[in-house]
Amino acid sequence: QVQLAESGGGLVQAGGSLRLSCVASGSIFSISTMGWYRQAPGKQRELVAGITSGGSANYADSVKGRFTISRDNAKNTVYLQMNSLKPEDTAVYYCYCNNRFGTLESWGQGTQVTVSS
């Protein structure tokens, strides 16, 4: 099994920045894609960004140009740099990883991001 541990959430004013980190441990050999989902109150969980082990990234349209996902394979860590934050970015952010078959391997416990107006 893979365990994911997130950090870096918090409270920030609109226009500010935060950086989330997620460290994987356990059966890390099985990991292919890593990334982030988020879930706002009363809404479904949505994909924010994902990145393959080779560094190919994809983003939700709502965060393109503001968020950057990166990955350090040597440290088994994925990052999400969030700039120009908006109140609508407020959500619990969950780290995830898939295996090479595209199957979800694990979720993190979630980290709260709150953007005040």
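Below is a short write-up of the structure. (Residues numbered from 1 in each chain as written. Predicted model: local features only at pLDDT ≥ 70, side-chain atom pairs only at ≥ 80, totals over all residues. Heavy atoms only, no water.)

Let us now look at the packing of aromatic side chains. With the rule as written, the count across this model stands at 4 aromatic pairs. With centroids separated by 5.1 Å and ring planes inclined at 75 degrees, the aromatic side chains of Tyr-37 and Trp-107 adopt a geometry described as edge-to-face. Here Trp-107 lies in strand β10 (residues 104-107) and Tyr-37 lies in strand β4 (residues 31-39), a separation of 70 residues in the sequence. Plain terms: the ring middles of Tyr-94 and Trp-107 are 6.3 Å apart, the flat faces sit at 80 degrees to each other, and that makes the pair edge-to-face. In this pair, Tyr-94 sits in strand β9 (residues 91-99) while Trp-107 sits in strand β10, placing the two residues 13 residues apart along the sequence. Across from the ring centre of Tyr-79, 4.1 Å away, lies the NZ or CZ of Arg-19, which sits over that ring. The side chain of Arg-45 reaches across the aromatic face of Tyr-94, ending 3.7 Å from its centre. (Phe/Tyr/Trp six-rings, centres within 6.5 Å; stacked < 30°, edge-to-face > 60°. Helix = DSSP H or I, 4+ residues; strand = E, 2+ residues; numbered from the N terminus. Lys NZ or Arg CZ within 6 Å of the ring centre and 35° of its normal.)

With that settled, the discussion passes to the pattern of salt bridges. Taken as a whole and judged by the stated rule, the model has 4 salt bridges. Between Glu-46 and Arg-38 there is a salt bridge, with the nearest N and O atoms lying 2.7 Å from each other. Since its relative accessible area comes to 7%, Arg-38 is described here as buried. Of the charged contacts in the structure, one is a salt bridge between Lys-64 and Asp-61, with a shortest N-O distance of 3.1 Å. Counted as one network, the salt bridges with shared partners bring together Arg-38, Glu-46, Arg-66 and Asp-89. (Salt bridge = Lys/Arg side-chain N within 4 Å of Asp/Glu carboxyl O. Buried < 20%, exposed > 50% of the residue type's maximum accessible area, 1.4 Å probe, protein only.)

Here the focus is the sheet that holds strand β1 (residues 2-7). An order of β1-β3-β8-β7 is seen for the 4 strands of this open sheet, with the pairing classed as antiparallel. Each edge of the sheet is formed by a strand with only one pairing partner; in this case those strands are β1 and β7 (67-72). The sheet shows a mean angle of 15 degrees between the axes of neighbouring strands, direction not considered. One ladder, built from 6 bridges, connects β1 with strand β3 (residues 18-26); its direction is antiparallel. Looking at β3, one finds that Ala-5 is bridged to Val-23. (Pairing = 2+ DSSP bridges. Axes fitted to C-alpha atoms, helices over the stretch in contact; angles between N-to-C directions.)

This brings us to the side chain of Arg-71. Mapping Arg-71 onto the fold places it in strand β7. Nearest to the buried, unbridged Arg-71 among oppositely charged side chains is Asp-72, at 8.4 Å. Separated by 3.0 Å, the side chain of Arg-71 and the backbone oxygen of Ile-51 make a polar contact. Each residue touching Arg-71, except ones within four places of it in the same chain, is listed here: Ile-31, Ser-32, Thr-33, Met-34, Ile-51, Thr-52, Ser-53, Thr-77 and Val-78. (Lys, Arg positive; Asp, Glu negative; His and termini not counted. Polar contact = N/O pair within 3.5 Å; in protein donor to acceptor, adjacent residues only side chain to side chain. Contact = heavy atoms within 4.5 Å.)

Most peptide bonds are trans, and most residues other than glycine sit at a negative phi. A positive phi is found at Asn-76, a non-glycine position, where the angle reads about 55 degrees. When its relative accessible area of 25% is taken as the criterion, Asn-76 is described as partly exposed. Positive phi, normally seen in glycine, also occurs at Ser-84, with a value near 50 degrees. Tracing the backbone through its elements, the reader meets Ser-84 in the loop between β8 (77-82) and β9. A relative accessible area of 41% means that Ser-84 is categorised as partly exposed.

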